[in-house]
Amino acid sequence: MIFNMIGGGSGAGLNFKVVGGTAEPVLPSENMIWINTDVEITNWYFSTEEPDVVEEGIIWIKIYKYSTVEFNALKENGVYLRPLCAKQCISGAWVDKSAKIYQNGEWVDWWNGELYLTGNEFTDITGGWYGMDAGLSTSNVNITKIESGLKLHLTANNRKIGIMATRKPIDLTDYNTITFTGYIFKSTASTSGKEAYGYLMVYSDISGGSLTQVARADISNGGKPTTITINVSNLKGFYNICPYMYSFDASAPYMVMNSLILS
Amino acid sequence: MKTVYLDSNFKCHTSDDGTMMAIETDFFDDKCDAFIEGYRFVPNGESWEREDGRIFYGEMISPWKDYAQLDSAQRDYERQLLDEYTESLKIMGVIL
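Before going into details, it helps to say that this report is about the structure given with it.

Rules and cut-offs
Residues numbered from 1 in each chain as written. Chains lettered and ligands numbered in written order. Predicted model: local features only at pLDDT ≥ 70, side-chain atom pairs only at ≥ 80, totals over all residues. Heavy atoms only, no water. Helix = DSSP H or I, 4+ residues; strand = E, 2+ residues; numbered from the N terminus. Buried < 20%, exposed > 50% of the residue type's maximum accessible area, 1.4 Å probe, protein only. Contact = heavy atoms within 4.5 Å. Areas by Shrake-Rupley, 256 points an atom, 1.4 Å probe, with all protein chains shown as cover. Lys, Arg positive; Asp, Glu negative; His and termini not counted. Charge placed at Lys NZ, Arg CZ, Asp CG, Glu CD. Pairing = 2+ DSSP bridges. Axes fitted to C-alpha atoms, helices over the stretch in contact; angles between N-to-C directions. Buried area = accessible area lost by both parts, 1.4 Å probe. Salt bridge = Lys/Arg side-chain N within 4 Å of Asp/Glu carboxyl O. Polar contact = N/O pair within 3.5 Å; in protein donor to acceptor, adjacent residues only side chain to side chain. Nonpolar A, V, L, I, M, F, W, Y, C, P; charged D, E, K, R; others polar.

## Looking at the overall build of chain A
Item 1. Each helix and strand counted, chain A has 1 helix and 23 strands in total.
Item 2. Along the longest, intermediate and shortest principal axes, the C-alpha atoms of chain A span 75 × 35 × 35 Å.
Item 3. Residue burial in chain A is summarised as follows: out of 263 residues, 50% are buried.
Item 4. Contacts in chain A between residues far apart in sequence, at least 24 positions, make up 61% of those at least 6 positions apart.
Item 5. As presented, chain A carries roughly 11700 Å² of accessible surface, and 48% of it is formed by carbon and sulfur atoms.
Item 6. If you average the places of the 19 positive and of the 25 negative side-chain charges in chain A, the two averages end up 10 Å apart.

The following block contains the structure:
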């Protein structure tokens, strides 16, 4: 059901509309923004920071560089907005609401914090994924795309550490958690009797040439698939988020990442 | 490896008040007390519930204070150490 349709219209010169409702609009127009909500929308704001106005029902559409759905807000000239996410003021608190925008004949999901989701490296945001060792060298670590995700494996028998990394650091300022899904696996029997293990590491920006741990969570789970979430609510600024693997034995262990998502 | 002490909310302390759980970890190697005490350490097998109801399972290590403050404290500590080492070398007659 659609019960709101505010903003836009030829008289205002705006090139978009904001609508609310729990059902996908049946007559969309280019750049129509659909906010999935059952609370009446009273107004909307586009801003990078939380609005000072706190009124029941208003929508705050956060604009940010990580958006993947840029649009021109005006019919003439250009004011380009990059919506990232939507929140609605309900009972005095900002509540997350899912949103889509209609572009080029289809509804497009807004970026939802994904840094990797099977098959998609979100290169606009991450710069793409690659593998490295503890010395930041890429020589002995390979990343390959497999059906279920990204697979990192060590290419030399005397290497023990493999790390997946994005080419760009990620701004964690507006995010509270990171969730990793994947697993660590050692391909042959351990001669030492010790299992390979892994962490979801958060490092200070590694472009400076060092690995400084800021936070970490254990993703080992005895070699079985796991979903682990780490709290990053007190990290502001840019960090590298890196699935990390350590193998005690040179027996070609590998690590698979199925997804990595900010929220 | 360092021994740190965890209170009931899994916040790290550098001394035990008699009620805390001791754990050993390499995460805080070379870190000053102010840095360590800005962290939360949820051990394997434990879980911690954040104010918004989200539950996190161990092992998880992450700051509960603004990391920028912790980083600043650590840098001050390292600068102080460097000053002390430099002074010691001077006393020994080492020309830098």
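## Focus on the sheet that holds strand β2 (residues 12–13) of chain B
Residue and element names in this part refer to chain B.
Item 1. Overall, antiparallel pairing links the 3 strands, which are arranged β2-β1-β3 in an open sheet. Of all strands in the sheet, those with a lone pairing partner are β2 and β3 (21–25), marking the two edges.
Item 2. Two strands pair when backbone bridges link them, and strand β1 (residues 2–6) and β3 are joined in this way by 5 bridges, in the antiparallel orientation. Its bridge partner lying in β3, T3 is registered against E24.

## Describing the sheet that holds strand β9 (residues 93–97) of chain A
All names here are of chain A.
Item 1. Reading across the sheet, the 4 strands line up as β4-β5-β8-β9 and stay open at both edges, with mixed pairing between neighbours. Of all strands in the sheet, those bounded by a partner on one side alone are β4 (44–47) and β9. For this sheet the average axis-to-axis angle between neighbouring strands, irrespective of direction, equals 30 degrees.
Item 2. In terms of strand pairing, strand β5 (residues 59–63) meets strand β8 (residues 83–90) through 5 bridges, oriented antiparallel. Residue I63 lies in a different strand from β8, and its bridge partner there is P83.

## Side note on the pairing of strand β18 (residues 177–185) of chain A
All names here are of chain A.
Item 1. Counted residue by residue, β18 has 7 buried out of 9 residues, so it is predominantly covered.
Item 2. Strand direction decides the pairing type here: β18 and strand β23 (residues 254–262), joined by 8 bridges, are antiparallel. Each residue of the ladder has a partner; that of F185, found in β23, is Y254.

## A word on the interface of chain B and chain A
Item 1. Listed by partner, the interface residues are 18 residues for chain B and 20 residues for chain A.
Item 2. Summed over both sides, the interface between chain B and chain A buries roughly 1600 Å², with carbon and sulfur atoms accounting for 44% of that surface.
Item 3. For the chain B face of the interface with chain A, the top three residues by lost area are B:F27, B:E59 and B:Y67, together amounting to 31%.
Item 4. At the boundary of chain B and chain A, one finds 2 salt bridges.
Item 5. A salt bridge links A:R216 to B:E59; the shortest N-O distance between them is 3.6 Å.
Item 6. Applying the counting rule to chain B against chain A returns 11 residue pairs in polar contact (both at pLDDT 80 or more).
Item 7. With 4 residues, strand β7 (residues 60–63) of chain B is the largest single contributor of residues to the side of chain B that touches chain A.
Item 8. Considering only residue class, the side of chain B that touches chain A consists of 9 nonpolar, 3 polar and 6 charged.
Item 9. By the bridge criterion, 2 bridges tie strand β20 (residues 213–218) of chain A to β7(B) in an arrangement that is antiparallel.

Honestly, that's just the spatial picture; any functional story needs more than this.
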